[in-house]
Amino acid sequence: MTMETRTDPLDRDMPAEIDFSRGARGKFFTPRVTLNLPVYLDAQAQAWLAARAQARGIEVEQLVNELLKKDIELIEAAK
């Protein structure tokens, strides 16, 4: 099979077959790494949080974490 063969004629970015025979399993694996998940806020929520964080002199991330921790405590207490 040649690199020009494609399953989708409109897909010009990726060949239909990629040869992984020389690949190395786990090459980029790093044990015990934590990933930070991106969280996207709507514009109104982000503006509100940014204003509150600025008024307190803290980063938005810190404010969001504080609010979430308080919510978790309330949820756990209500169980």
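Residues numbered from 1 in each chain as written. Predicted model: local features only at pLDDT ≥ 70, side-chain atom pairs only at ≥ 80, totals over all residues. Heavy atoms only, no water.

Here's the deal with the overall build of the chain
When its secondary structure is counted, the chain shows two helices and zero strands. Scored against the burial criterion, the 79 residues of the chain give a buried share of 5%. About 8,000 Å² of surface is accessible on the chain, with carbon and sulfur atoms providing 57% of the total. (Helix = DSSP H or I, 4+ residues; strand = E, 2+ residues; numbered from the N terminus. Buried < 20%, exposed > 50% of the residue type's maximum accessible area, 1.4 Å probe, protein only. Areas by Shrake-Rupley, 256 points an atom, 1.4 Å probe, with all protein chains shown as cover.)

A few points about the packing of helix H1 (residues 43–56) against helix H2 (residues 60–78)
Two elements in contact, H1 and H2, have axes whose closest approach is 9 Å; the angle formed by their N-to-C orientations is 105 degrees. As summarised for this structure, H1 and H2 are arranged roughly perpendicular, according to the angle between their axes. Along the contact surface, H1 presents Leu49, Ala50, Arg52, Ala53 and Arg56, while H2 presents Val60, Leu63, Val64, Glu66 and Leu67. In terms of residue class, the contact of H1 with H2 is built from seven nonpolar, no polar and three charged. (Axes fitted to C-alpha atoms, helices over the stretch in contact; angles between N-to-C directions. Parallel < 35°, antiparallel > 145°, perpendicular 65-115°, else oblique. Contact = heavy atoms within 4.5 Å. Nonpolar A, V, L, I, M, F, W, Y, C, P; charged D, E, K, R; others polar.)

Here we look at unusual backbone geometry
With phi around 60 degrees, Arg32 is a residue other than glycine that occupies positive phi space. Take Arg32: it is sitting in the segment before H1.

Side note on the pattern of salt bridges
All chains considered together, the criterion is met by two salt bridges. For Arg56, the salt bridge goes to Glu66, with nearest N and O atoms at 2.9 Å. Of this pair, Arg56 sits in helix H1 while Glu66 sits in helix H2, placing them 10 residues apart in sequence. Overall, the relative accessible area of 23% leaves Glu66 in the partly exposed class. (Salt bridge = Lys/Arg side-chain N within 4 Å of Asp/Glu carboxyl O.)

Observations regarding the environment of Leu41
When you line up the elements, Leu41 lands in the segment before H1. Given the relative accessible area of 37%, Leu41 is considered partly exposed. Beyond its immediate stretch of four places on either side in the chain, Leu41 contacts Gln46 and Leu49.

Structural notes on H1
Here H1 contains 14 residues, and its C-alpha end-to-end distance of 20 Å stays within 8% of the 20 Å for a straight helix at 1.5 Å per residue. At the N-terminal end of H1, a side-chain oxygen is found 3.2 Å from the backbone nitrogen of Gln44, two or three residues along, and the residue is Asp42. After H1 finishes, the residue Gly57 shows a positive phi value of roughly 75 degrees. (Expected span 1.5 Å × (residues − 1). Polar contact = N/O pair within 3.5 Å; in protein donor to acceptor, adjacent residues only side chain to side chain.)

Fair warning: the whole summary comes from geometry, so function is off the table for now.
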